[in-house]
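Survey of secondary and tertiary structure
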Amino acid sequence: MELVHFSGEGTGQALDEYTSTPSFTELSLRLGYSFEFPNIDTGMEVFGGVKNLTNAYQDDFDLGKNRDSNYVYGPEHPGPFLLD
């Protein structure tokens with residue numbers, strides 16, 4: 001993905017630049033099972049899973065109060081992360 005990385009005072013980057021981000025793969029897994037209770041005419045589903053099995057995560061965030069807060073391109077969670 002190509003995006004703009006804006007500079008900021010104290011961030012270690014002097015000029016605005018276009019950046020090509022590294023590629024990454026995010027893999028998640030979710031399993032579920034449905035139970036039916038015909039005597040009371042209802043059912044229940046139990047599920048669980050893991051997000052980001054490949055542990056893909058952006059590791060070049062800007063830091064400090066003048067950082068470029070829009071410079072975010074990676075997965076939301078570092079992995080592996082259990083589903084709620």
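Look up: the structure comes first, before these words.
Residues numbered from 1 in each chain as written. Predicted model: local features only at pLDDT ≥ 70, side-chain atom pairs only at ≥ 80, totals over all residues. Heavy atoms only, no water.

**Considerations on a nonpolar patch on the surface**
Rule in force here: Residues with no salt bridge and a relative accessible area higher than 30% make up the patches, which join like charges within 9 Å and nonpolar side chains (Val, Leu, Ile, Met, Phe, Trp, Tyr) within 5 Å. Note that accessible areas follow from Shrake-Rupley with a 1.4 Å probe, and for residues the cover is restricted to the protein chains shown. Whenever a carboxyl oxygen of Asp or Glu lies within 4 Å of a side-chain nitrogen of Lys or Arg, that contact is scored as a salt bridge. Strands are runs of DSSP state E lasting at least two residues, helices are runs of H or I lasting at least four, and both sets are numbered from the N terminus onward.
Taken together, the side chains of Tyr33, Phe35, Phe37, Ile40, Met44 and Val46 define a hydrophobic patch exposed on the protein surface, amounting to about 600 Å² of accessible area. Put simply, the parts of the chain that give the nonpolar patch at least two residues each are β3 (29-37) and β4 (42-51). If you tally residues by element for the nonpolar patch, the top one is β3, at three residues.

**Remarks on the environment of Pro75**
The following threshold applies: Exposure categories follow from relative accessible area, calculated using a 1.4 Å probe and restricted to protein chains: below 20% of the type maximum is buried, above 50% is exposed, and the middle band is partly exposed. Residue contacts follow a heavy-atom distance rule, with two residues in contact if any of their heavy atoms lie within 4.5 Å.
As for its placement among the helices and strands, Pro75 is situated in the loop between β4 and β5 (81-82). Residue Pro75 is classed as buried on the basis of its relative accessible area, which comes to 8%. Once you skip the residues sitting within four places of it in the chain, Pro75 turns out to touch Phe24, Glu26, Asn52, Ala56 and Tyr57.

**Some remarks on the packing of aromatic side chains**
Our working rule: Centres within 6.5 Å are what make two rings of Phe, Tyr or Trp a pair, Trp counting through its six-membered ring; a difference in plane orientation under 30 degrees is then read as stacked, over 60 as edge-to-face, and the rest as tilted. The criterion is that NZ of a Lys, or CZ of an Arg, lies within 6 Å of the ring centre and within 35 degrees of the ring normal, and then a charge sits over that ring.
Taken as a whole and judged by the stated rule, the model has one aromatic pair. Between Tyr33 and Phe35 the ring centres are 4.9 Å apart and the planes differ by 75°, which places this aromatic pair in the edge-to-face class. Note on Tyr33: relative accessible area 55%, which makes it exposed. The positively charged end of Arg30 is found above the aromatic ring belonging to Phe47, 4.0 Å away from the centroid.

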